[in-house]
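# A closer look at the structure
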Amino acid sequence: MNPERVTLCSLAELGDEEARRFDVEAGGLVHQIAVIRLGDDLYALGDTCSHADYSLAEGEVDTEEGTIECWKHGSLFNLSTGEAETLPATRPVPVYDVGVEDGQVWLEVGQDG
């Protein structure tokens with residue numbers, strides 16, 4: 001499937017060092033995605049923890065380690081790769097291409113999920 005580019009919001013709407021959940025419709029599916037802003041860098045991960053059905057966007061972002069923590073059981077996920085770095089999660093979450101153009105945050109959906 002070819003990726004579909006979707007505009008999410010303006011960059012100003014994303015708080016620094018915070019995660020925000022978006023429900024993105026593409027390819028006939030709804031993708032739940034957590035977008036994290038760290039200064040000028042943006043990351044986009046599948047929002048659902050791979051261990052249990054909890055939103056990662058509700059977790060804490062560690063700017064020094066580049067991780068987000070699942071608020072329910074404490075698993076850490078790498079913002080760049082989606083890899084689970086601590087138990088109880090053992091499987092990665094999907095990562096998505098994300099960027100900014102003309103002050104608008106875009107996301108490409110379809111390459112991973």
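See above for the structure.
Here we summarise the structure given alongside this text. Here the structure is a predicted model, which is why all the values come from computation and not from measurement.

## Some remarks on the overall build of the chain
From N to C terminus, the chain includes zero helices and nine strands. Along its sequence from the N terminus, the chain presents helices and strands in the succession β-β-β-β-β-β-β-β-β. Expected size for 113 residues packed as a compact globule is a radius of gyration near 13 Å; at 13 Å, the chain falls within 12% of this value. Dimensions of the chain, computed from the C-alpha atoms along their principal axes, are close to 40 × 30 × 20 Å. In the chain, which comprises 113 residues, the proportion classed as buried is 43%. Counting only contacts in the chain whose residues sit at least 6 apart along the sequence, the fraction spanning at least 24 positions is 38%. Side-chain charges in the chain split into 6 positive and 24 negative, and the spacing between the mean points of these groups amounts to 6 Å.

## Observations concerning unusual backbone geometry
Note the cis peptide between Leu87 and Pro88, where omega equals 15°. With respect to the helices and strands, Pro88 occurs in the loop between β7 (76-78) and β8 (97-101). A positive phi angle is found at Glu17, which is not glycine, with a value near 65°. At Asp102, a residue that is not glycine, the phi angle is positive and equals roughly 55°.

## Section: the sheet that holds strand β2 (residues 18-26)
Taken together, three strands build an open sheet; the order of strands is β2-β3-β4 and the sheet is antiparallel. A single partner strand is all that each edge strand has here, and the edge strands are β2 and β4 (41-46). Within the sheet, the average angular offset between the axes of one strand and its neighbour, ignoring direction, is 30°. The sheet contact formed by strand β3 (residues 29-38) and β4 spans six bridges and is antiparallel. Across the sheet, Ile36 pairs through a bridge with Tyr43, a residue of β4.

## Quick look at the nonpolar core
Grouped together as the largest cluster of nonpolar side chains are 16 residues, with contacts concentrated most on Leu8, Val24, Ile33 and Leu107. Those elements giving two or more residues to this core turn out to be β1 (4-10), β2, β3, β4 and β9 (104-109). Other than its neighbours up to four places away in sequence, Val24 contacts Val6, Leu8, Leu29, Val30, His31, Ile33, Leu107 and Val109. Judged by nonpolar contacts, the second largest core, of 15 residues, contains Ala34, Tyr43, Leu56 and Val93.

## Details of the side chain of Asn78
Its place among the elements puts Asn78 in strand β7. Judged by its relative accessible area of 17%, Asn78 is buried. A polar atom in the side chain of Asn78 sits 2.7 Å from the backbone nitrogen of Ser80. At a separation of 3.0 Å, a polar atom in the side chain of Asn78 contacts the side chain of Glu85.

## Considerations on the sheet that holds β8
Neighbouring strands of a sheet are bound in pairs by backbone hydrogen bonds; such pairs are parallel or else antiparallel. Judged by pairing direction, the sheet is antiparallel, and its three strands sit side by side in the order β1-β9-β8 without closing on themselves. On the outer flanks of this sheet lie β1 and β8, each paired with one strand and no other. Adjacent strand axes in the sheet meet at a mean angle of 30° when their direction is disregarded. In this structure, β1 lies alongside β9, joined through six bridges in antiparallel fashion. When the bridges of β9 are listed, Glu4 appears paired with Val109.

What counts and how
- Residues numbered from 1 in each chain as written.
- Predicted model: local features only at pLDDT ≥ 70, side-chain atom pairs only at ≥ 80, totals over all residues.
- Heavy atoms only, no water.
- Helix = DSSP H or I, 4+ residues; strand = E, 2+ residues; numbered from the N terminus.
- Rg over C-alpha atoms; globule rule 2.2 N^0.38 Å.
- Buried < 20%, exposed > 50% of the residue type's maximum accessible area, 1.4 Å probe, protein only.
- Contact = heavy atoms within 4.5 Å.
- Lys, Arg positive; Asp, Glu negative; His and termini not counted.
- Charge placed at Lys NZ, Arg CZ, Asp CG, Glu CD.
- Pairing = 2+ DSSP bridges.
- Axes fitted to C-alpha atoms, helices over the stretch in contact; angles between N-to-C directions.
- Core = buried A, V, L, I, M, F, W, Y, C linked by side-chain atoms within 4.5 Å.
- Polar contact = N/O pair within 3.5 Å; in protein donor to acceptor, adjacent residues only side chain to side chain.

Geometric descriptors of this kind do not, in isolation, establish any biological role.
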